[in-house]
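The primary structure of each chain is shown beneath.
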Amino acid sequence: MGHLTIAASPQTRRMTDETLSNVETVVKATYDSPIDKALKHDPEWRRRYEQAGRRKRPSMSPVQSMTPSRDVQTFQTSRQTLDAGAVGNTQTSQTFQTLGVSEGKTGNTQVSTHTEANRSPWLVKAADVQKKAPRFLDNPMLPVGVLTLIAGRAGVSKSTLSLYRAALATKGQLEGDWKGEPVNVAVSGIEDNDSMQRMRLEAEDADLDRVFFLSMSDKGADTGVRLPDDIDTIKGVFVQNDIRLWIIDPITSAMSGDTNKRDDVRAALDPLAKMAQELDISILGILHFNKGGGYASDKISGSHAFRDAVRSLLLVARDDNNGDCIVTIDKSSYTQAQGTSYSYGLISHDVTDDDGHVFGVPKITGFMPTERNVNEVINSNVSVTGQDQERASGNEVIDWLVEYLSRNGPTRFADIEKAAEAEGYEKKQLSNARQRSKAPWVVSVPDPDWKGKGVRRVWSVSEIDPSSEKFSPPIASGEK
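Just so it is clear, the structure is predicted and the values come from calculations on it, not from any experiment.

**A short note on the overall build of the protein**
Secondary structure summary: the protein contains 15 helices and 17 strands in total. In the protein, which comprises 480 residues, the proportion classed as buried is 43%. If you take every contact in the protein between residues at least 6 apart in sequence, the share linking residues at least 24 apart comes to 64%. When the accessible area of the protein is evaluated, it comes to approximately 25,900 Å², of which 46% is carbon and sulfur surface.

**Comments concerning the nonpolar core**
Judged by nonpolar contacts, the single largest core of 39 residues is most densely connected at Leu227, Trp246 and Leu272. For this core, the secondary structure elements donating two or more residues are β5 (146–152), α9 (231–241), β10 (243–249), α10 (262–279), β11 (282–288), α11 (305–308), β12 (312–318) and α12 (374–383). Here leucine 227 is in contact with Trp246, Ile248, Ile251, Ala254, Met255, Ser256, Ala268 and Leu272, once residues within four sequence places are set aside. One finds Val185, Ala206, Val316 and Val327 within the second-largest nonpolar core, a separate group that totals 34 residues.

**Overview of the environment of glutamate 181**
Looking at where glutamate 181 falls in the secondary structure, it is placed in the loop between α7 (158–170) and β6 (184–189). Glutamate 181 gets classed as partly exposed once you look at its relative accessible area, which sits at 44%. In contact with glutamate 181, not counting residues within four places along its chain, are Ala169 and Gly172.

**With respect to the pattern of salt bridges**
For the structure shown, the criterion picks out 19 salt bridges. With a closest N to O distance of 3.7 Å, lysine 235 and aspartate 232 form a salt bridge. Of this pair, lysine 235 and aspartate 232 both sit in helix α9, three residues apart, which is roughly one turn of that helix. Exposure remark for aspartate 232: the relative accessible area of 60% places this residue in the exposed category. What you see here is one network of salt bridges that share partners, running through Asp232, Lys235, Lys274 and Glu278.

**What to know about the sheet that holds β6**
One open sheet holds the nine strands; their spatial order is β7-β6-β10-β11-β5-β12-β13-β14-β15, and the pairing between them is mixed. Across the chains shown, the open sheet's two edge strands, defined by having one partner strand only, are β7 (211–213) and β15 (358–370). Neighbour to neighbour, the strand axes of the sheet diverge by 25 degrees on average, direction disregarded. Sheet topology note: the β6/β7 ladder contains three bridges and is parallel. For valine 185, the partnering residue across the bridge sits in β7 and is valine 211. Lying over the sheet, helix α8 (residues 194–203) contacts β6, β7, β14 (341–352) and β15, oriented at roughly 50 degrees with respect to β15. Contacts between α9 and the sheet are confined to β6, β7 and β10, with β10 contributing the most and set at about 135 degrees to the helix.

**Regarding helix α14 (residues 413–422)**
Within α14, burial applies to Phe413, Ile416 and Ala420. Taken down its axis, α14 places every buried residue within 60 degrees of arc, on the same side. Away from the buried face of α14 by more than 90 degrees, exposed residues Lys418, Glu421 and Ala422 are located. Directly after α14, the chain includes glycine 424, whose backbone phi takes a positive value near 95 degrees.

**Here we look at the environment of isoleucine 231**
Within the fold, isoleucine 231 resides in helix α9. Classification of isoleucine 231 as buried rests on a relative accessible area of 4%. Sequence separation between isoleucine 231 and alanine 268 is 37 residues, and the spatial gap between their C-alpha atoms is 9.6 Å. The residues touching isoleucine 231, leaving out its near neighbours within four places in the chain, are Pro271, Leu272 and Met275.

Conventions adopted
- Residues numbered from 1 in each chain as written.
- Predicted model: local features only at pLDDT ≥ 70, side-chain atom pairs only at ≥ 80, totals over all residues.
- Heavy atoms only, no water.
- Helix = DSSP H or I, 4+ residues; strand = E, 2+ residues; numbered from the N terminus.
- Buried < 20%, exposed > 50% of the residue type's maximum accessible area, 1.4 Å probe, protein only.
- Contact = heavy atoms within 4.5 Å.
- Areas by Shrake-Rupley, 256 points an atom, 1.4 Å probe, with all protein chains shown as cover.
- Core = buried A, V, L, I, M, F, W, Y, C linked by side-chain atoms within 4.5 Å.
- Salt bridge = Lys/Arg side-chain N within 4 Å of Asp/Glu carboxyl O.
- Pairing = 2+ DSSP bridges.
- Axes fitted to C-alpha atoms, helices over the stretch in contact; angles between N-to-C directions.
- Arc of directions from axis to C-beta.

By themselves, these are just geometric observations and shouldn't be taken as functional.
In structure tokens, the structure reads:
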């Protein structure tokens, strides 16, 4: 009968723990090395592995009839017994031979120094790598094969700008490698419903047949997109529908883990960037700024990994003095465009819903290059003092309120207050913002669709001064 003899040195203890882990794996199922697993699940890995002149190493043969004996169970659970070096029988010895354990001349079983590595070197000659110039869906703002992030304060038109560029993409009107060639776009709007997204795209004259709203279903329930869990499933759908641009708004709502932790952020963004590269598409994720001044990209909410993990970063701000919006290319690893900025304005565009209600949604106008940048704008907004500072702060709440109502339509104040609280705004600020709003105006009107007792009021956006004779509250859908 063979005996297992293991010296109690730190190195031997480590090897013993690794060997025990392999034993547990074999008892449960057939053992595949990490390389085997990677080659099975990633065709691109297999292609590059074989191209480099290697052959797939066969998986380790399964152990047959592996019902643990009493000795094997003791071996797996008792470190003290191992230290005594007095366990093992013929079946134990055979088990370890299967895992690379050799039997010495004396009959004692000895642990092999070979353990399966989780990682292995991968060398590719630079001369064997194909040369490909960077391509752009929207030059220079949206490179293809890359994850781009766009960040700014709430209510500064990040979503509106993203849908504006998407609308141009559906008509082949972006300056890039697809100019003149309309493309398909996917939108995952976690905070806005599909109806509101559709009307905002309509305001920008998008080809709606080329826009797809993407979410995920679990047993019939809409659970939203989860990153990185859903990436592999989404890839196939994008290939089938020839998607060239994916907008995720906001990207943090789709991410698993803690967005303030570097490892959690990289765990979501790195697979997303790889997906963009594999499918040759542009992915645009929307983020929020923290309050206050300083260097603009340092204001991104969450971990600094958001900026570090991407090759393309856009920043957006709105000037409190004149209402102009600025977008700056803060990071661009594939062009010389870093620091380039564009300005644009926002106007209200009337859209009629399927029930005949008319209300305004924001629309981009006058998009053009500018010498100003987002750093200047956000620091200018917070550098004012006294009465001007109060005015700037009030304008910020008005901007947020108008954009929120434009996205969601007439809304009860209780729902507005809840959304505003998440952005750091108070009830009194909302009331002051409604009273001070002008062109467009935020008005409180009876809910035209309320069928209960009494009167329920909602807030909505109006392009007509509520004090003028032309103003009239919305008409209920059943009274048209």
